[in-house]
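# Architecture and fold: a report
Listed below are the residues making up each chain.
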Amino acid sequence: MYLPPHDPHVDDPMRFKPLFRIHLMERKAATVECMYGHKGPHHGHIQIVKKDEFSTKCNQTDHHRMSGGRQEEFRTWLREEWGRTLEDIFHEHMQELILMKFIYTSQYDNCLTYRRIYLPPSRPDDLIKPGLFKGTYGSHGLEIVMLSFHGRRARGTKITGDPNIPAGQQTVEIDLRHRIQLPDLENQRNFNELSRIVLEVRERVRQEQQEGGHEAGEGRGRQGPRESQPSPAQPRAEAPSKGPDGTPGEDGGEPGDAVAAAEQPAQCGQGQPFVLPVGVSSRNEDYPRTCRMCFYGTGLIAGHGFTSPERTPGVFILFDEDRFGFVWLELKSFSLYSRVQATFRNADAPSPQAFDEMLKNIQSLTS
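Parameters at a glance
- Residue indices follow the written sequence of each chain, beginning from 1 at its first position.
- Confidence filtering applies because this is a predicted model: local features only for residues at pLDDT of at least 70, side-chain atom pairs given and counted only at 80 or more, and all residues used for totals across whole chains, interfaces and linings.
- Calculation of side-chain values draws on the structure's entire complement of heavy atoms; hydrogens and water are dropped beforehand.
- UniProt positions are given in the numbering used here, feature names are shortened, and annotations may be inferred rather than shown by experiment.
- Segments assigned H or I by DSSP are reported as helices when at least four residues long, segments assigned E as strands when at least two residues long, and all are numbered from the N terminus.
- Partly exposed residues are those whose accessible area sits between 20% and 50% of the maximum for their type, while under 20% is buried and over 50% is exposed, using a 1.4 Å probe and protein chains only.
- Contacts are assigned to residue pairs that have any heavy atoms within 4.5 Å of one another.
- Each accessible area is a Shrake-Rupley result for a 1.4 Å probe, and residues are judged covered by the shown protein chains and nothing else.
- Side-chain atoms within 4.5 Å are what join buried Ala, Val, Leu, Ile, Met, Phe, Trp, Tyr and Cys residues into a set we call a nonpolar core.
- Paired strands, as defined in this entry, are two strands with at least two bridges between them according to DSSP.
- Here the axes come from fitting lines to C-alpha atoms, over the contacting stretch only for helices, and the angles between their N-to-C directions go from 0 to 180 degrees.
- Between rings of Phe, Tyr and Trp, where Trp is taken as its six-membered ring, a pair exists when centres lie within 6.5 Å; planes separated by under 30 degrees are stacked, by over 60 edge-to-face, and by other angles tilted.
- Think of it as a cone above the ring: NZ of Lys or CZ of Arg counts as a charge over the ring if it is within 6 Å of the ring centre and within 35 degrees of the ring normal.

For the protein chain, an unreviewed UniProt entry supplies the name F-box protein 31 and the organism Pongo abelii. Quoted verbatim from the Pathway (unreviewed entry) field of UniProt, the annotation for the protein chain is "Protein modification; protein ubiquitination."

Below, the structure written as structure tokens:
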């Protein structure tokens, strides 16, 4: 199991935890050993369910239990998974979320199902290299998100989930046709100013959808009516040009246009100063203070148990090749994402179609 670093240190490396092993014997025999718990390897079972899917089951779950009962197990889990003690967590809402996660994960520690995931295919005109990223999710801690590009859209799909948004769902969606030009640094501190700019772009997106949204669908999966792809024939929404370099909003064009625009500040040795608005919460105050460019996007929010999900407006901020952020306008919250640097062998999708099919499959598991 690959675990994210302790919250909120997104730039730290992933953590590795063995869950089971197969011990090869003579005469083609083998034994499966569960590695979960603190009492050493013990007897387990593995079953191939179907192509790209298998299950493991522990046959000695007493090895998972501790002499001090559930309280000791919870404190140990909290220390190992979160790097904290119960006394460190003062926020009642965070205590509730952590306890929910512990109950859920410990309830299913004896039987686990594994499904293959592919890394997203990469193209030369992608904004940055797609892949896996560690992201801050408020009281939920750090979660793993897969960034992939689909024509003029980019998607962030949750690989790990939480009590509100499960794994497989599209946590963020970025519209690469609608660049947002941030105001000057002083006005960036004003949440109302950022909100005004983003909502203006959202209104333009809605107008485009009404005028030509039915011709859309380039590289798109299942979506709500508010996220329809604008027709390529329609003009691109332009955010107010208030940046220090006076750069206008993007007009129509291919995804490569976004890459060219992203490279311009770097080539000139420049980058736009960036600061979070006052009142926007961030788990990590050590976020980059310079960004390359920003785009309009939507983020998925929901109640506990994935109830009443809805997509809400936000801002995608590209910092560099390995880091990006997202401002959740409705939540007044900021998520910082940092690339997973671990190398995974044999993880590339055999084709773009196979990758898209995998995304649909993991989303359908939790929809």
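Having seen the model, we can carry on.
## Here's the deal with the overall build of the protein chain
Check the secondary structure of the protein chain and you find six helices and 18 strands. A burial count over the protein chain gives 49% of its 367 residues as buried. Within the protein chain, contacts between residues at least 6 apart in sequence are counted, and of these 57% link residues at least 24 apart. Of the roughly 18,600 Å² of accessible surface on the protein chain, 51% is carried by carbon and sulfur atoms.

## Regarding the nonpolar core
Ile180, Phe274, Val315, Ile317 and Phe334 are the most contacted members of the largest nonpolar core, which totals 25 residues. At the level of secondary structure, the elements contributing two or more residues to this core comprise helix H4 (191-212), strand S15 (293-303), strand S16 (307-320) and strand S18 (333-339). Broken down by element, the residue count for this core peaks at six residues, all from H4. Sequence-distant contacts of Val315, that is, excluding residues within four places in its chain, are made with Ile180, Leu194, Val198, Cys294, Phe295, Gly325, Phe326 and Val327.

## Topic: the sheet that holds strand S3 (residues 20-24)
Ordered in space as S3-S4-S5-S6-S7, the five strands form an open sheet in which the pairing is antiparallel. Only two strands of the sheet have a single partner each, and these edge strands are S3 and strand S7 (111-115). Between one strand axis and the next, the sheet turns by 35° as a mean value, whatever way the strands run. Where S3 lies against strand S4 (residues 30-34), five bridges are found, and the strand directions are antiparallel. Within S4, the position partnered with Phe20 by the bridge is Cys34.

## Observations regarding the packing of aromatic side chains
This model, assessed by the stated rule, comprises 19 aromatic pairs. Relative to Phe344, the ring of Tyr2 lies with its centre 5.2 Å away and its plane at 75°, an arrangement referred to as edge-to-face. Of this pair, Tyr2 sits in strand S1 (residues 2-3) while Phe344 sits in the loop between S18 and helix H6 (352-364), and the two are 342 residues apart along the sequence. On the accessibility criterion, Tyr2 (43% relative accessible area) is partly exposed. Assessed through its relative accessible area of 30%, Phe344 is described here as partly exposed. An aromatic cluster of at least three residues, connected via ring pairs, comprises Phe133, Tyr137, Phe316, Phe324, Phe326, Trp328 and Tyr337. When the ring centre of Tyr287 is taken as origin, the NZ or CZ atom of Arg289, which lies over that ring, is 3.7 Å away. Directly above the aromatic system of Phe191 lies the positively charged group of Lys332, at a separation of 4.6 Å from the ring centroid.

## Quick word on the environment of Cys291
Tracing the sequence through the fold places Cys291 in strand S14 (residues 290-291). What makes Cys291 buried here is its relative accessible area of 2%. With 28 residues separating them in the primary sequence, Cys291 and Phe319 have C-alpha atoms 4.3 Å apart. Here Cys291 is in contact with Leu182, Gly271, Gln272, Phe274, Ile317, Leu318 and Phe319, once residues within four sequence places are set aside.

## Quick word on unusual backbone geometry
Geometrically, the link from Asp7 to Pro8 is a cis peptide bond, its omega value of 5° lying close to zero. The phi dihedral of Phe306 falls on the positive side, at around 60°, and the residue is not glycine. With respect to the secondary-structure elements, Phe306 resides in the loop between S15 and S16. Here Ser308, not a glycine, exhibits a phi torsion of approximately 50°, which is positive. Secondary-structure assignment places Ser308 in strand S16.

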